[in-house]
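Observations on the three-dimensional arrangement
What follows is each chain in one-letter form.
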Amino acid sequence: MGKIILTGDRPTGKLHLGHYIGSLRRRVLLQNAGDYERMFVFMADVQALTDNADNPEKIRQNIIEVALDYLSCGLDPQKCTLFIQSQIPELAELTTYLSNLISVSRVQRNPTVKTEIKMRNFEANLPLGFFCYPVSQAADITAFKATTVPAGEDQEPMLEVTRELVRRFNQTYGEVLVEPNILLPEQAVCRRLPGTDGKEKMSKSLGNCIYLSDDAATVWKKVKKMSNGEPRMSMEEPGHLEGNAVFTYLEAFSTDEDFAEFWPEFENLEALKQQYVQGGIGDGTCKKFLNSVINKMLDPIRTRRHECEQDIPEIFNILKKGSEAARETAAKTMDEVRSAMQINYFDDQELIRQQVEKFSK
Ligand code: TRP
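Anyway, here's the lowdown on the structure attached to this text.

1. Structural notes on the overall build of the protein
Within the protein, the regular secondary structure consists of 17 helices and 5 strands. For the protein, the C-alpha atoms occupy an extent of roughly 100 × 45 × 40 Å along the three principal directions. For the protein, the proportion of its 361 residues judged to be buried stands at 50%. For the protein, the share of sequence-separated contacts (at least 6 apart) that also reach a separation of at least 24 residues comes to 76%. Of the roughly 18000 Å² of accessible surface on the protein, a fraction of 51% belongs to carbon and sulfur atoms.

Dropping the structure here:
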């Protein structure tokens, strides 16, 4: 059996550089390499609602923003199925059955869920649906029999839960579901991009994002304010690389070609770093270079976004077609799930025969 690639995002905001470097860029490469049987990318609106139950309008508005981000980065509906989670009711059904195969304490140990609960100050008011989202995520993955999930490292605990549930399901009811693997970004720096403030993670709630849809002036405003770690009195002093978000971003985004084009004095990032730690390189110059690197990368994305924005009904059409195709696949898996669980009463001739016999005695 070939590879089945699946991944998704919560539509709670526009996508940013952290999403791009952590997963989106890789998805497009995977899509174009063509080494898979099917590829699915979806908007996890059901998951987004687990901590936004009182604000469905936010999710509704961001469906189109995320779809535009996907298409403008190069995801191609001819090659990959783009869909919306809530349009596949089979996922909710599978979630229900999987939730019988895992304990509350197992979910409580999930480090990503733990961090998120703390971040949201849920304490006593933790929504049950939010707590259970790792199980719902396992359903998203297994309903499509995905083998490969490109995602950031914060998703690893979800994949662990998914693999456990697959093993439990298959042992209990028979081999139906498939154990998936996470596909992490190759470079460590891409696994968790810090925010422009140098904080641990780029995140909308921390207000430290550069969005894929930011225009050049906005990017420059944000880059100019970026954290350089320890302050220096003058550019002649040795620079510090630890906690220096500008260099972390250069690590993530700059290529040797960028140096040739925008800063030919240096052959590559290694050469710049060597000089920077000795002193004599101004932080402003580094930021100007980073700004050029980011804008060069975002320019074609902006152009495509602008094109896509001209035909919004077509975007909804793409998502509708994708959701229909995805539903067909999930429905097939659910037929197998129901017969493995022996709850396919009306297709089960043996059950009818047995019951006839039992009651004719
Ligand atoms: N939890 C993911 C996020 O927060 C979104 C998601 C939902 C997902 N279901 C998934 C990712 C299945 C990969 C596979 O970004």
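2. Structural notes on the side chain of N52
Within the secondary structure layout, N52 lies in the loop between helix 2 (45-49) and helix 3 (56-73). The buried category is assigned to N52, whose relative accessible area is 8%. Apart from the residues lying within four places of it in its own chain, the contact partners of N52 are T12, K58 and I59.

3. Considering the pattern of salt bridges
Pairing between side chains becomes possible if they bear opposite charge and their charged atoms approach one another. One pass over the structure, following the stated rule, counts 29 salt bridges. When the shortest N-O distance is used, the salt bridge between D69 and R305 registers 3.2 Å. With D69 in helix 3 and R305 in helix 15 (residues 283-309), this residue pair connects regions lying 236 residues apart in the sequence. R305 shares its class with D69; the two are buried. For the salt bridge of R338 with D335, the shortest nitrogen-to-oxygen distance reads 3.0 Å. Linking R338 with D335, this pair stays in helix 16 (residues 312-340), spanning 3 residues, or about one helical turn.

4. Side note on the packing of helix 12 (residues 245-253) against helix 15
One can describe the packing of helix 12 onto helix 15 by two numbers: an axis separation of 10 Å at closest approach and a directional angle of 35 degrees. For the pair helix 12 and helix 15, the sense of crossing is left-handed. Counted together, V246, F247, Y249, L250 and F253 of helix 12 and C286, K287, F289, L290, V293, I294 and M297 of helix 15 form the full contact between these two elements. Taken together, the residues that form the contact of helix 12 with helix 15 break down as 11 nonpolar, no polar and 1 charged.

5. What to know about the packing of aromatic side chains
For any pair of aromatic rings, the description rests on two quantities: the centre-to-centre distance and the angle between the ring planes. Per the counting criterion, the structure on display carries 12 aromatic pairs. Aromatic side chains F42 and F83 sit 5.0 Å apart centroid to centroid with 10 degrees between the ring planes, which places their arrangement in the stacked category. Placement of F42 in strand 2 (residues 38-43) and of F83 in strand 3 (residues 81-84) is noted, with a sequence separation of 41 residues between them. Taking relative accessible area as the criterion, F83 reaches 0% and is therefore assigned buried. Ring pairs connect the aromatic residues F40, F42, F83 and F144, which therefore count as one cluster. Across from the ring centre of Y133, 4.7 Å away, lies the NZ or CZ of R10, which sits over that ring.

6. Concerning the site of the ligand
Every residue close to the ligand is listed here: L6, T7, G8, R10, F42, A44, Q47, Q137, D140, I141, V149 and Q155. In the environment of the ligand, an oxygen atom lies 3.2 Å from a nitrogen or oxygen atom belonging to the side chain of R10. A distance of 2.8 Å separates a nitrogen atom of the ligand from a polar side-chain atom of D140. Its free accessible area being 370 Å², the ligand has 90% of it covered by the protein chains. A molecule is said to occupy a pocket when more than half its atoms come within 2 Å of that pocket's grid points, and by this definition the ligand occupies the largest pocket. Listed by contribution, the elements that provide at least two residues to the shell around the ligand are strand 1 (4-9) and helix 8 (133-142). Residues belonging to the shell around the ligand are distributed by class as follows: 5 nonpolar, 5 polar and 2 charged.

7. Some points on unusual backbone geometry
What you tend to see is this: most non-glycine residues have negative phi, and most peptide bonds are trans. Phi is positive for N121, close to 50 degrees, though the residue is something other than glycine. Here N121 lies in the loop between helix 6 (111-119) and helix 7 (128-131). The backbone phi angle of K145 is positive, close to 50 degrees, even though this residue is not glycine. Turning to its location among the elements, K145 is positioned in the loop between helix 8 and strand 4 (148-150).

8. Looking at the environment of N110
Tracing the sequence through the fold places N110 in the loop between helix 5 (104-108) and helix 6. Taking the relative accessible area as the measure of exposure, N110 reaches 1% and is therefore buried. Considering only alpha carbons, one finds N110 and P157, 47 residues apart in sequence, at a separation of 6.1 Å. Not counting residues up to four positions away in its chain, the partners in contact with N110 are P134, P157, M158 and V161.

9. Points about the environment of L241
Its place among the elements puts L241 in the loop between helix 11 (216-224) and helix 12. Setting aside residues no more than four positions away along its own chain, L241 makes contact with F247, K273, Y276 and V277.

10. Considerations on the pairing of strand 2
Counting buried residues in strand 2 gives 5 out of 6 residues, a clear majority hidden from the surface. Sheet topology places strand 1 next to strand 2; 6 bridges connect them, and they run parallel. Residue pairing in the sheet places I4 in a bridge with R38 of strand 2. Taken together, strand 1, helix 1 (residues 17-33) and strand 2 constitute a β-α-β crossover, and its handedness is right-handed. Where strand 2 and strand 3 come together, 4 bridges link them in parallel fashion. Of the residues in strand 3, the one forming a bridge with F42 is F83.

The rules behind these values
Residues numbered from 1 in each chain as written. Predicted model: local features only at pLDDT ≥ 70, side-chain atom pairs only at ≥ 80, totals over all residues. Heavy atoms only, no water. Helix = DSSP H or I, 4+ residues; strand = E, 2+ residues; numbered from the N terminus. Buried < 20%, exposed > 50% of the residue type's maximum accessible area, 1.4 Å probe, protein only. Contact = heavy atoms within 4.5 Å. Areas by Shrake-Rupley, 256 points an atom, 1.4 Å probe, with all protein chains shown as cover. Salt bridge = Lys/Arg side-chain N within 4 Å of Asp/Glu carboxyl O. Axes fitted to C-alpha atoms, helices over the stretch in contact; angles between N-to-C directions. Left-handed = near helix turned anticlockwise from the far one by under 90°. Nonpolar A, V, L, I, M, F, W, Y, C, P; charged D, E, K, R; others polar. Phe/Tyr/Trp six-rings, centres within 6.5 Å; stacked < 30°, edge-to-face > 60°. Lys NZ or Arg CZ within 6 Å of the ring centre and 35° of its normal. Near = heavy atom within 4 Å. Polar contact = N/O pair within 3.5 Å; in protein donor to acceptor, adjacent residues only side chain to side chain. 1 Å grid on protein atoms, 1.4 Å probe; cavity = no way out; pocket = protein on both sides within 12 Å on 5 of 7 lines; lining within 4 Å. Sits in = over half its atoms within 2 Å of the grid points. Pairing = 2+ DSSP bridges. Right-handed = clockwise from strand over helix to strand, strands pointing away.

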